[in-house]
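# Summary of structural features
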Amino acid sequence: MNSETDSRADSRADSGADSGAGSSEGDYRVYNNFYGPQYHGRAHFGIATAERPGRARATGLLDGDEIDALLRSYIRPDCFDDAASELSRTGIVVLTGPQGTGKRSGAVALLRETVGPSADYVVLSPDIGLDQLAERTFDAGVGYVVLDRTGTAATTGAAGAAGSAATTADAAGPSSDFDWRRVRDQLRRHHAHLVITTVHGVAGRSPKAVRHLAWRPPVLDKVVRARLVQARIPQEVVDRAVAGIPPRCPLAVVADAAQRIAAGADPDQAWKEHSGSAPQAVQEWFGAEEERSLREIAEVTTLAFAPGIGRRAFESLQDLLERLLGPVYFTPEGASGAAADGAMAPDAAGQAAAPDGQDPQPRRRARPVDRRRSLSRNALITTEMQVYGATTREVMVFADSELRRWVLQALWRDHPTEYWDAVRHWLEALVAADPDPALQLSIASGLTLLGHIAFDEVVQSYLDPWARGESGEIGQTLAVYVLWYMCLEETQAAAALTLARTWAQSLHPTLRGTALIAFSGQLGVTFPTDAVKWLWAVLRTSALEKHEEREHGLRAWAQLFLTLVDCQEDAGIVLDALAHRIRKERRTRSAAYSATGLLVLETTLWIFTATERLSGRPAVARYVADRPEEADVVAELWATVLRYRPLRRSALSALLVTVRGLHAVTSDPTAAAARLGHALAAALPQVEHPLLTSELGRLAVSRPTRATGPDCVAALLGAMNRVKDTEPR
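Everything numeric here is computed off the predicted structure, so don't read it as measured data.

## So, the packing of helix 31 (residues 645-661) against helix 33 (residues 689-702)
Helix 33 packs onto helix 31 with a crossing angle of 60° between their chain directions and a minimal axis gap of 10 Å. Between helix 31 and helix 33 the crossing geometry is right-handed. Here helix 31 contributes Arg 645, Arg 648, Leu 652, Ser 653, Leu 655, Leu 656 and Arg 660 to the contact with helix 33, which in turn contributes Leu 691, Leu 692, Glu 695, Leu 696, Leu 699 and Ala 700. Within the contact of helix 31 with helix 33, the residues separate by chemical class into eight nonpolar, one polar and four charged.

Written as structure tokens, this is what we have:
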């Protein structure tokens, strides 16, 4: 979203942080940030279109292209008119129903019907509370939408798992009705409209103040026909496409298949790719007459969490899993069946144990376990050659990329708690062995897929313990990666936000630290306003705790700014939050800065000294070059830090490095430097101009640079002097 006016910036900042203060000389822990679709083991994560790769920001102003994509060939369901009438009458309606029923497009269509196609549509955070909505200042004539709002069930479950005291106002009863009435009255007062979508219905009776309407998808035949007719597809192809719609197919899948057919794909092939043979192949494999052996179950389980690794590594992981699964599958009654599989039940040391009453001597296997032959007979598994530079290697993958999620679903459906306990111990052992980054990402993506069908299991068995540091830094990293993967899925992003928020609210310092990491990466890209809000909340708490926690909080602010600049999102949200706090400090204090004000200054300096990992250039240099309209906010913050004498030297040094870095990020560095100099002159009192010019000039002379090209420092100082010369005496 583009930059706003000063008042709009204050409003945006106020919903985020109060801000912080310091210098970032420390290292930055390097994490993988996901800015687009991810491919691991031929499994695709995230949503990509030709126009926009990957899923970026999920909140803020909806642009015209997003609206057109949502409402192109839109078919109204039977419940549409009822919802539109309620929205027009009261200014608010809540759409409830499972994922894949078209609530997102329905919400935007309702706003277009009610407030008109020329109005602005703003997406609010799914984690927003009723009290926040009731106190929010809405803009007249604007349509607002909260997508996948986390209700009582989701929030309470996540909060309880994370040990947070988070509460919601959504419980049924008089208090809930009162809160909903406050939201409704606030919208009426500001002449705005709001549509909320959620998968969670209200527990107990529905509030009387706001209508909660069960949303139903449109008739799928009509959706396919509308899209194909608009694309001028021949009638014969349209009829084939309609006839091929699989039973119980989600609306999103139907819409995507129709889009592919409209682009020229054969209807039979399009439906095959979406409904596909994957579910059937998994059903046939697990439903075979002969029960699957321990080794076969270990094969598909290993591949579900570690696709794309070489044979030797795969067999090592499988061997460890087989030892842990042994007690689940080997019982006195089933020992003979185990022997038929070529292995005996492992004992505590992983050795084959003899059945009761027999001489333990036959514990040795007659021949080595031939896992490769067993893998070659597994219809779900294959190998592929992957190119790594000048070399190639053979890796283990599923025969179809869609098989992975269906295998996990079948494993969860058919296997007992003891099996999943063994899997948990196995994954914990892998984490303790310090896996390489590729394996970490594979494990995280597997847990993300498992979270679609067993979210509580993933949170309680993995994410919460890992986020608490029970498996060290690697466990923390994996917990963060899972949240980042969830952000790439529209159906899971809100749950990731809620879980990270409960960690941020926790009294456990390691949980708060994990929340800092999560919000400074992909989670912050998807929900930047929420990231600013909770990073500030944690930093403000950490400032009262140990110095190390305070530094982690400051580093997270700098990392969020780096991340947003790197993926070309609106990093101005971070700076606006800091500027808002500075202005608030000036309005309420006339002398020394408060502790909050000093924290703002320290955070600002950390951001201005944060450098890109590969190039080593300040991120703020790229930001100033890419967004010239934001020079005033940058200069305002820099002027504030420069005027605080304890931080002045560090701020001068950061300014010098930033100005000298402009030549590497823009084709016209002197113009960018002049813009910043002009803005600095306007932000600083006139009495400060000669002092800054003198000190920055001396610092530049004392730190000569080998870089060739225009002198950007001279351009900045020249712009400041020109402003000074034009000032009335």
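## Describing unusual backbone geometry
One non-glycine residue, His 191, lies in positive phi territory at about 55°. For His 191, the position within the fold is in the loop between helix 7 (174-190) and strand 7 (193-198). Taking relative accessible area as the criterion, His 191 reaches 59% and is therefore assigned exposed. With phi around 60°, Arg 232 is a residue other than glycine that occupies positive phi space.

## Some words on the sheet that holds strand 3 (residues 60-61)
Sheet strands line up and pair through hydrogen bonds in the backbone, either parallel or antiparallel. Spatially, the six strands line up as an open sheet ordered 3-5-6-7-4-8, and their pairing is mixed. Two strands in the sheet have a free side with no partner beyond their single neighbour: strand 3 and strand 8 (212-214). With four bridges connecting them, strand 6 (residues 143-146) and strand 7 associate as parallel partners. Its bridge partner being in strand 7, Val 145 is matched across the sheet by Val 195. Strands in contact with helix 4 (residues 103-115) are strand 4 (92-96), strand 5 (121-124), strand 6 and strand 7; relative to strand 7, the strand with the most contacts, it is inclined by about 165°.

## Let's talk about the packing of aromatic side chains
One pass over the structure, following the stated rule, counts twelve aromatic pairs. Here the aromatic cluster, defined as three or more aromatic residues joined through ring pairs, consists of Trp 412, Tyr 419 and Trp 420. The ring centre of Trp 285 lies 4.3 Å from the NZ or CZ of Arg 292, which sits over that ring.

## Details of helix 9 (residues 235-243)
Since one α-helical turn is 3.6 residues long, residues separated by three or four positions face the same way. If you check which residues of helix 9 are buried, you get Val 237, Val 238, Ala 241 and Val 242. Buried residues along helix 9 cover an arc of 135° about the axis, so they all sit on one side.

## As for the pairing of strand 4
The element strand 4 is extensively covered by neighbouring structure, given that five of its five residues are classed as buried. When strand 4 meets strand 7, the two strands line up parallel, connected through five bridges. Residue pairing in the sheet places Leu 95 in a bridge with Thr 197 of strand 7. Direction of pairing for strand 4 relative to strand 8: parallel, over a ladder of three bridges. If you follow Val 94 over to strand 8, its bridge partner there is His 212.

## Things to note about the pattern of salt bridges
For the coordinates displayed, the defined rule picks out 36 salt bridges. The partner of Glu 86 in a salt bridge is Arg 211, and the shortest N-O contact between them spans 3.9 Å. With Glu 86 in helix 3 (residues 80-90) and Arg 211 in the loop between strand 7 and strand 8, the pair connects residues that are 125 residues apart, well separated along the chain. Owing to a relative accessible area of 10%, Glu 86 belongs among the buried residues under this scheme. For Arg 622, the salt bridge goes to Glu 612, with nearest N and O atoms at 2.8 Å. In this pair, Arg 622 is assigned in helix 29 (residues 619-626) and Glu 612 in the loop between helix 28 (595-609) and helix 29, connecting sequence segments ten residues apart. For Arg 622, a relative accessible area of 23% corresponds to the partly exposed category.

## Looking at the packing of helix 20 (residues 455-467) against helix 21 (residues 472-487)
In the contact formed by helix 20 and helix 21, the axes pass within 7 Å of each other and the chain directions differ by 140°. On the basis of their axis angle, the class for helix 20 and helix 21 is oblique. As for how helix 20 packs across helix 21, the hand of that crossing is left-handed. For the pair helix 20 and helix 21, contact is made by Phe 455, Leu 463, Trp 466 and Ala 467 and by Gly 475, Gln 476, Leu 478, Ala 479, Val 482, Leu 483 and Met 486, respectively.

## A closer look at helix 8 (residues 220-230)
Buried within helix 8 are the following residues: Leu 220, Val 223, Val 224, Arg 227 and Leu 228. Along the axis of helix 8, the buried residues cluster in a sector spanning 115°; they form a single face. Of the residues one or two after helix 8, Arg 232 is the one with positive phi, at around 60°.

## Section: the side chain of Glu 602
Along the chain, Glu 602 falls in helix 28. Overall, the relative accessible area of 18% leaves Glu 602 in the buried class. Side-chain polar atoms of Glu 602 contact the side chain of Arg 550, separated by 2.3 Å.

## Description of the environment of Phe 608
Looking at the element boundaries, Phe 608 is found in helix 28. On a C-alpha basis, the gap between Phe 608 and Val 620 in space is 6.0 Å, while along the polypeptide they are twelve residues apart. Excluding anything up to four places from it in sequence, Phe 608 contacts Leu 575, Pro 618, Val 620, Val 634, Leu 637, Trp 638, Ala 654 and Thr 658.

## Things to note about the side chain of Glu 299
With respect to the helices, strands and loops of the structure, Glu 299 is situated in helix 13 (residues 294-305). Buried and unpaired, Glu 299 has Arg 295 as its nearest opposite-charge partner, separated by 5.7 Å. With residues up to four places along the chain from it excluded, the contact list for Glu 299 reads Phe 314, Gln 318, Arg 371, Ser 374, Leu 375, Asn 378 and Ile 381.

About the thresholds
Residues numbered from 1 in each chain as written. Predicted model: local features only at pLDDT ≥ 70, side-chain atom pairs only at ≥ 80, totals over all residues. Heavy atoms only, no water. Axes fitted to C-alpha atoms, helices over the stretch in contact; angles between N-to-C directions. Helix = DSSP H or I, 4+ residues; strand = E, 2+ residues; numbered from the N terminus. Left-handed = near helix turned anticlockwise from the far one by under 90°. Contact = heavy atoms within 4.5 Å. Nonpolar A, V, L, I, M, F, W, Y, C, P; charged D, E, K, R; others polar. Buried < 20%, exposed > 50% of the residue type's maximum accessible area, 1.4 Å probe, protein only. Pairing = 2+ DSSP bridges. Phe/Tyr/Trp six-rings, centres within 6.5 Å; stacked < 30°, edge-to-face > 60°. Lys NZ or Arg CZ within 6 Å of the ring centre and 35° of its normal. Arc of directions from axis to C-beta. Salt bridge = Lys/Arg side-chain N within 4 Å of Asp/Glu carboxyl O. Parallel < 35°, antiparallel > 145°, perpendicular 65-115°, else oblique. Polar contact = N/O pair within 3.5 Å; in protein donor to acceptor, adjacent residues only side chain to side chain. Lys, Arg positive; Asp, Glu negative; His and termini not counted.

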